[in-house]
Amino acid sequence: MKAETKFDLGQEVFFIHYYVEESIKKCTECDNGKITTTKGSVLGCPFCYGLGTFRKCYSVLYVAVGKIINIDVTFCPDHIPHINYTIDSNHEKINENLSRIENEMFATREEAEEQMNNLEKEIK
Ligand SMILES: [Zn+2]
């Protein structure tokens, strides 16, 4: 059985990836997590739970580029081919080969960026 693949081995493709960024903000209600009451006792800050800072993690989406190094086609009992691509990306934040299906890959950066903008709209 043969399957038509949308992309070729060795082809450069674009895809959406993300990395997690952490932001740390200083709590403005206390002094390093401590609050001194008018009577002089020192309490843990109830706003930041005595930490003095707020930590927040969020994902940053971006368009990455990579090269197809393997195409794996498996046929299910329904004879529909499932095509899985292995992508080698030399992006600084990606240090392993990634596995992607056709719907998640794009031949041009513009297409990938359009998809990414749609995704960001869904998230917001
Ligand atoms: Zn605080």
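Here the structure is a predicted model, which is why all the values come from computation and not from measurement.

### Re the overall build of the protein chain
Helices and strands together make up the secondary structure of the protein chain, namely one helix and seven strands. Ordered by position in the sequence, the α and β elements of the protein chain form the string β-β-β-β-β-β-β-α. Compactness check: the protein chain gives a C-alpha radius of gyration of 24 Å against a globular reference of 14 Å for 124 residues, more than 25% above the reference. Dimensions of the protein chain along its principal axes, counting C-alpha atoms only, are 80 × 30 × 25 Å. Counting across all 124 residues of the protein chain, residues that qualify as buried make up 8%. Here the analysis covers contacts within the protein chain between residues at least 6 apart in sequence; of these, 58% occur between residues at least 24 apart.

### Let's talk about the sheet that holds strand β5 (residues 81-88)
Reading across from one edge, β6-β5-β4-β1-β7 is the order of the five strands in this open sheet, with antiparallel pairing throughout. Each end of this open sheet is capped by a strand with a single partner; those strands are β6 (98-101) and β7 (105-106).

### Remarks on the pairing of β5
A regular strand places its side chains so that they alternate between the two faces of the sheet. Where strand β4 (residues 53-75) meets β5, eight bridges bridge the pair, whose relative direction is antiparallel. In the sheet register, Ile71 faces β5, and the bridge partner there is Tyr85. Counting the residues in the hairpin turn of β4 and β5 gives five residues, including His79, whose phi is positive at 65°. Sheet topology note: the β5/β6 ladder contains four bridges and is antiparallel. Note on β6: the bridge partner recorded for Ile87 is Leu98.

### Topic: the environment of Tyr62
Following the sequence through the fold, Tyr62 ends up in strand β4. With 27 residues separating them in the primary sequence, Tyr62 and Ser89 have C-alpha atoms 13 Å apart. What Tyr62 contacts, discounting residues up to four positions off in sequence, is His17 and Tyr18.

### As for the domain arrangement of the protein chain
Here the protein chain is described as being made up of domain 1 (12-18 + 62-123) and domain 2 (23-57). For domain 1 versus domain 2, the separation of C-alpha centres amounts to 43 Å.

### Some words on the confidence of the model for the protein chain
With 96% of its residues at a pLDDT of 70 or more, the protein chain shows a mean pLDDT of 90. Within the protein chain, no element has a lower average pLDDT than helix α1 (residues 109-123), which sits at 88, and none a higher one than β7, at 96.

### Description of the nonpolar core
Val13, Phe14, Tyr85, Ile87, Met105, Phe106 and Ala112 form the largest nonpolar core, which has seven residues in total. Counting residues per element, the ones that place at least two in this core are β1 (12-26), β5 and β7. Setting aside chain neighbours within four positions, we find Ile87 in contact with Val13, Phe15, Gly66, Lys67, Ile68, Asn97, Leu98 and Arg100.

### A short note on unusual backbone geometry
If you check the backbone angles, Asn32 has positive phi at about 55° while not being a glycine. Position of Asn32 relative to the elements: it lies in the loop between β1 and β2 (34-36). Residue class for Asn32 comes out exposed when judged on the 12 C-beta atoms lying within 10 Å of it. Phi at Tyr49 takes a positive value of approximately 55°, unusual for a residue other than glycine. Mapped onto the elements, Tyr49 comes out in the loop between β3 (42-44) and β4.

Calculation rules
- Residues numbered from 1 in each chain as written.
- Predicted model: local features only at pLDDT ≥ 70, side-chain atom pairs only at ≥ 80, totals over all residues.
- Helix = DSSP H or I, 4+ residues; strand = E, 2+ residues; numbered from the N terminus.
- Rg over C-alpha atoms; globule rule 2.2 N^0.38 Å.
- Buried ≥ 20, exposed ≤ 12 C-beta atoms within 10 Å, placed from the backbone.
- Contact = placed C-beta atoms within 7 Å.
- Pairing = 2+ DSSP bridges.
- Domains from an automatic or database assignment.
- pLDDT = per-residue confidence, 0-100.
- Core = buried A, V, L, I, M, F, W, Y, C linked by C-beta atoms within 7 Å.

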